[in-house]
Amino acid sequence: MPGKPLAVHPLTFARQSRGWGKAEFARLMQAHGKSLGISLATNRTTVWKWEQGQEPDADAQRVLADLLRVPYVSAQAEPWPRWLPVWEMTALDAPWTESGTVEALADLVGSGRTDRRGFLTITGVALTGLAASWAEAPSAFSSALDGDRVTDAMVSTIEQRISTLRTLDDHLGGARLLEQARGDLALVTGLLRAGRYTDEIQVRLYALAARVSQLTGWMAYDAGLRSAGQRYYVGALRSARTTADDAFGAFVLAEMGVHVSEAGRTAERVDLITTAIANAPSTLPPNAQSFLYLHKAEALSRDGDHGRAGSALNRAMSLWERHTEEEHTDWLGWFGEAQLRSTEGKVLLRSGQVDRATSSLEASVNRAAPRDRAVRTSRLAEARLAGGDLDGALHAANHGARLLEEDVSSIRALARLQDFSEQLEAHKRVPAVREFRERLQALSTAV
């Protein structure tokens, strides 16, 4: 029996990181098998089944190992899919020094290439907005990458570009912008390695490295590439520590917790957010403290500690009420009422308070940016289903599907809709349920 599919299977990551579509990969497997004297009937459907949890037979794994240049003895020593080459993380071993940070960033630039889907779909206003933010002459960057001085204007240009990318991410989703973010990380890393700069510029460059690494990691995570996402987050954490920005470091740890808890490691998320809060600067403004305690509430809720989760949620809400518009935390410009209501709804739903959870989740979806709305509709659908409102649940889920069809590229949103679809098994004979599942299947195969 096939196992439950991972949110994104390691084979998907290995395939996409090499730019192979399902059909192309199937052809490569057949051709490579033939060169090894192994006949395979691999096709696009076969690949899809593997990435949904079905284990390839021994011959297929032998061909795949050779194709990916993994010694077959190594593949035999680990269970499928653990032997696939997607878990390497050399940056974990680099020293926590300036040179170690640059080494880690360079490793990301050299080996962190991930999803290319949708790169050329950025057009119109989105494309002109990116172009407008890239105002500095390319020759100036080129000379700095060859050892010349890094100027204030160059750093300001990159800062504006990262801000623009973050805004576009809210509307388009991470998969469409991932390659752009990677390019920015490569540029910042190149300037740190080869450019000449003042102490002030150096601090800004490391701060930029932290922010663009985090943003790239977030986009990779949204595109379903969790292993790559965590690698970029490590780069962000190192860069933040190098520039003594412990506030941003706490933010990165909180977000890393999201990745591990969605992989089922809920206690690890509690540990991460506990460390983040304990080591965050005492001068953090209320909105940043609210963000951290909101993550604590979510972490404890996922770990089944509903009492402490409620206390952390109340503290997050109280801190948010104290924030002022004058507070400026550049990495939290997106944080607000929609995020608070989303987490409130999830915490309430897990504790069995379905009506209150539904109300909070409705408020969150209504106030969210398009990508976040696509992600959160599935949770709203779950709440409505738990309350016995099948029609309302399908309405929410179809709204999320429509956003993915027309506006947003987010594997994370698709995976959550697939999780919701499994909860509809008791209603599988209802025509509207069959229609939604068919719609979701079409979305899945189009990815």
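Residues numbered from 1 in each chain as written. Predicted model: local features only at pLDDT ≥ 70, side-chain atom pairs only at ≥ 80, totals over all residues. Heavy atoms only, no water.

A look at the pattern of salt bridges
Worth spelling out the cut-off: By salt bridge we mean one thing: a side-chain nitrogen of Lys or Arg within 4 Å of a carboxyl oxygen of Asp or Glu. Numbered from the N terminus, helices here are DSSP runs of H or I no shorter than four residues, and strands are runs of E no shorter than two. Exposure classes here rest on a 1.4 Å probe applied to the protein chains alone. A residue is buried below 20% of its type maximum, exposed above 50%, and partly exposed in between.
The full count for this structure, using the stated rule, is 25 salt bridges. Note that arginine 204 is salt-bridged to aspartate 152, the shortest N-O span being 2.4 Å. One end of the pair, arginine 204, is in helix 11 (residues 199-222); the other, aspartate 152, is in helix 9 (residues 152-172), with 52 residues separating them in the sequence. Relative accessible area serves as the criterion here: at 17%, arginine 204 is assigned to the buried category. Notably, a salt bridge pairs glutamate 337 with arginine 367, separated by 3.6 Å at the nearest N-O pair. Of the two residues, glutamate 337 sits in helix 17 (residues 337-350) while arginine 367 sits in helix 18 (residues 354-367), which places them 30 residues apart along the sequence. Accessibility expressed as a relative area gives 26% for glutamate 337, which makes it partly exposed.

Quick look at helix 18
An α-helix turns once per 3.6 residues; consequently, residues spaced three or four apart project the same way. Going by this rule: In this scheme, a helix's expected span is set at 1.5 Å multiplied by one less than its residue total. Any two residues having at least one pair of non-hydrogen atoms within 4.5 Å are treated as being in contact.
Between its first and last C-alpha, helix 18 extends 20 Å over 14 residues, near the 20 Å set by a 1.5 Å rise per residue. The complete set of buried residues in helix 18 reads Val354, Ala357, Thr358, Ser360, Leu361, Ala363, Ser364 and Val365. Elements that come into contact with the buried residues of helix 18 comprise helix 17 and helix 19 (370-386).

Looking at the environment of tryptophan 331
Its place among the elements puts tryptophan 331 in the loop between helix 16 (306-321) and helix 17. Tryptophan 331 sits in the buried class, given a relative accessible area of 5%. Between the alpha carbons of tryptophan 331 and arginine 166 there is a distance of 9.5 Å; along the sequence they are 165 residues apart. Residue contacts for tryptophan 331: discarding those within four places in its chain leaves Arg211, Ala247, Phe248, Phe251 and Ala288.

Examining unusual backbone geometry
Between tryptophan 80 and proline 81 the backbone carries a cis peptide bond, its omega angle lying at 0°. Tracing the backbone shows proline 81 in the loop between helix 5 (72-77) and helix 6 (98-111). At arginine 69, a position not held by glycine, the phi torsion is positive, near 60°. Its identity is not glycine, yet alanine 244 carries a phi of approximately 60°, on the positive side. Its location among the elements puts alanine 244 in the loop between helix 12 (226-242) and helix 13 (246-262).

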